[in-house]
Amino acid sequence: MSARTRRLTTAQALVRFLSAQYTERDGVRRRLIAGTWGIFGHGNVAGVGQALLEAGEDVMPFHQGRNEQSMVHAAVGYARQLNRLSAQAVTTSIGPGATNLVTGAALATINRLPVLLLPGDYFATHSADPLLQQLEHPVEADVSVNDTLRPVSRYFDRITRPEALIPSALQAMRVLADPAETGAVTLALPQDVQAEAYDWPEEFFAERVWYVRRPAPDPVELAAAVEAIRSAERPLIVAGGGVHHSEAEAALKAFVDATGIPVASTQAGKGSLRHDHPADLGGIGHTGTAVSDDLARTADLVIGVGTRYTDFTTASGTLFQNPDVRFLNLNITGFDAHKLAARTLVCDARSGLERLLEALSGHRVSAAYEAAYRAGKERWDDVVEAAYRADDESAVPTQTQVLGALDAAVGDDDVVINAAGSLPGDLHKLWRSRSPRQYHLEYGYSCMGYEIPAGIGVQQAAPGTPVWALVGDGTYLMMPTEIVTAVQEGLPLNIVLIQNHGYASIGGLSEETGGERFGTAYRFRAADGTFTGAPLPVDLAANAASLGMVVLRAKTVRELREALATARSSDRPTCVYVETDPAPTAPPAEAWWDVPVAETASREAAVEARERYDRQVAGRRRHL
């Protein structure tokens, strides 16, 4: 007797398969693919589009996007909010719809966050060749624009026959659910294959549970780690995004409470401890706090927990200056654990911290060390208060005063989202995180345009949670499109739109590196041809209103506070628009960042910048 089969198109089979996939960790089960974002064109409308329509919302919820890159950002925000235990898919047509996925895919993979990409592709049969939007290559007939997704995907396949979907779909789910492998996964779908019918085995549609493992540390590695910690006099924990992904915040707190080892955090790891915990020192690295960076310079053991050690974290190799410094890296990926010639604990963050705590019973840092870093934390708290304080509430707010007003408006479980510009540095130094998910910074790719769609994804993952997308004027102009989606779905997303008439962050970097703020202001051309005229008469608030948002304009600190309170209580998408005083009020950088400066130049600004650069680069180390 033959096995039971079901005749469906490839697209119909894929949708049914995805609807039956689940993850499970610690006894909690979730749908692995909780919904699908889509924009339809000739490459997917009759395939995946028809399959989604036929399946219905109960089988596979559908979300209508306005920009393909934005749809990926929304899916990434969703997955991050749910600790990578649930993801979303994104379907597009061929051509520009597919290539628009590349930036979002890179962001997902760099940040180790799962998203399933389903771009349309050319005809597998080449019966219509070339078709509309097809890239022709004179010597490689199997190349399509979707090949641009290969280097930014953790898994890629082109499904050229219906039956080829079976092994590929299973591999795709394996990668999405694997905490050490996850990222963007791409299944390119030729449009003729999408519509082709096949007799699928019923087993393909059976419910599958992908268990998200918590690997424990190897006993030998654990013993070496315990020895390293016990012998260290000035240990420092660097908490990365892996703490959040593994839901290890409570384990970290228990470890710190017992040992007294202080914690500094990367952009992805901020919030691993509440800001008012006595051992939480705030951000580390180029945008870090003074107390974190001072301790990092003298630390004899740096314990990285779930961090990738980017150049911002290490201050481009200049931060950890103790001649005897050594590294101990607890990470679920061996690739990251071995960085900086570290001792390794290749394991889940929660499991590793729990085992370390057991093995270190009775161990604690010296009282003198604890008193020193607590005093440094108190001094930095005073810096934060000064940056937030507005003595004149009738004045135009500075950017740090905007953060101070927002700090006063949010609740413990609100989520604050940002990705690019000058805000990430100010937030990393100054924001007082009150819960593990409150601080949502995408800084692996620092992608302008991430904030608004990511806010939608977060609200889909956590309905009822107030979400704040912090957006500068440069970022807003990159990608405001998903405002329409928030309005359509009735999601009460809050946007704080800060107008400072240009790329303020990169303008400051340009000035520091001898670029004299060239090409960074949003201004009319002056008589000499440069963009140094009056600010452009662009009304971004009116634009947000035209897309359906409630817009609240705030000209003073007092009006800003009132607008933020109104926005938080609103049940509609709301934009708080504020023009800020451009005078810098954020604390200066406490550590260096390597942006190479022209070695030869005729302009004085660049010559002086190169002299500064040469002095700084001399402090770089290779930790071997």
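Below, the structure is looked at part by part. (Residues numbered from 1 in each chain as written. Predicted model: local features only at pLDDT ≥ 70, side-chain atom pairs only at ≥ 80, totals over all residues. Heavy atoms only, no water.)

A few points about the overall build of the chain
- Looking only at helices and strands, one finds 24 helices and 23 strands in the chain.
- Taken against the 2.2 N^0.38 rule, which gives 25 Å for 624 residues, the C-alpha radius of gyration of the chain at 25 Å falls within 12% of a compact globule.
- Oriented by its inertia axes, the alpha-carbon framework of the chain measures out at about 75 × 70 × 55 Å.
- Across the 624 residues of the chain, 57% fall into the buried class.
- Long-range pairs, those at least 24 residues apart, make up 76% of the contacts in the chain between residues at least 6 apart in sequence.
- As presented, the chain carries roughly 24700 Å² of accessible surface, and 52% of it is formed by carbon and sulfur atoms. (Helix = DSSP H or I, 4+ residues; strand = E, 2+ residues; numbered from the N terminus. Rg over C-alpha atoms; globule rule 2.2 N^0.38 Å. Buried < 20%, exposed > 50% of the residue type's maximum accessible area, 1.4 Å probe, protein only. Contact = heavy atoms within 4.5 Å. Areas by Shrake-Rupley, 256 points an atom, 1.4 Å probe, with all protein chains shown as cover.)

Brief notes about the side chain of arginine 80
- Within the element layout of this structure, arginine 80 appears in helix α3 (residues 68–81).
- Within the buried set, arginine 80 has no salt-bridge partner at all; the shortest N-O distance to an opposite charge, 7.0 Å, is to glutamate 442.
- Here arginine 80 is in contact with Leu113, Ala268, Arg437, Tyr439, His440, Leu441 and Glu442, once residues within four sequence places are set aside. (Lys, Arg positive; Asp, Glu negative; His and termini not counted. Salt bridge = Lys/Arg side-chain N within 4 Å of Asp/Glu carboxyl O.)

What to know about helix α23 (residues 557–569)
- With 13 residues, α23 should reach 18 Å at 1.5 Å per residue; the first-to-last C-alpha distance of 19 Å fits that figure.
- Every buried residue belonging to α23 is among Val557, Leu560, Ala563, Leu564 and Ala567, and all of these are buried. Viewed along the axis of α23, the buried residues span an arc of 115°, placing them on a single side of the element.
- Against α16 (399–409), β20 (467–472), β21 (494–499), β22 (550–554) and β23 (574–579) lie the buried residues of α23. (Expected span 1.5 Å × (residues − 1). Arc of directions from axis to C-beta.)

Here we look at the pattern of salt bridges
- Enumeration according to the criterion identifies 37 salt bridges in this entry.
- Between arginine 112 and aspartate 336 there is a salt bridge; the shortest N-O distance is 2.8 Å. Here arginine 112 is found in the loop between α5 (101–110) and β7 (115–121), whereas its partner aspartate 336 is found in helix α13 (residues 334–337), with 224 residues between them in sequence.
- Classification of arginine 112 by relative accessible area gives partly exposed; the value is 22%.
- Salt-bridge contacts for arginine 158 lead to aspartate 147; the nearest nitrogen and oxygen are separated by 2.9 Å. A residue pair is termed long-range when its members are at least 10 positions apart, and arginine 158 in strand β8 (residues 155–158) and aspartate 147 in the loop between β7 and β8 qualify at 11 residues.
- Using a relative accessible area of 10% as the deciding quantity, one classes arginine 158 as buried.
- Residues participating in the shared-partner salt-bridge network are Arg274, Asp276, Glu385, Asp407, Asp412, Arg432 and Arg434.

Some words on the sheet that holds β22
- Read from one edge of the open sheet, six strands run β19-β18-β20-β21-β23-β22, paired in parallel fashion. What marks the edges here is a single partner per strand, and that holds for β19 (439–441) and β22. Neighbour to neighbour, the strand axes of the sheet diverge by 20° on average, direction disregarded.
- Alignment of β20 against β21, held across five bridges, turns out to be parallel. Looking across to β21, one finds that alanine 469 is bridged to isoleucine 495. (Pairing = 2+ DSSP bridges. Axes fitted to C-alpha atoms, helices over the stretch in contact; angles between N-to-C directions.)

Let's talk about the packing of helix α8 (residues 219–231) against helix α14 (residues 349–359)
- Here α8 crosses α14 at 60°, and the two axes come no closer than 10 Å. Relative to α14, the element α8 is oriented oblique. Between α8 and α14 lies a crossing whose hand is right-handed. Seen from α8, the contacting residues are Leu222, Ala225, Val226, Ile229 and Arg230; seen from α14, they are Arg355, Leu356 and Ala359.
- Each residue belonging to the contact of α8 with α14 can be placed in one class, and the counts come to six nonpolar, no polar and two charged. (Parallel < 35°, antiparallel > 145°, perpendicular 65-115°, else oblique. Left-handed = near helix turned anticlockwise from the far one by under 90°. Nonpolar A, V, L, I, M, F, W, Y, C, P; charged D, E, K, R; others polar.)

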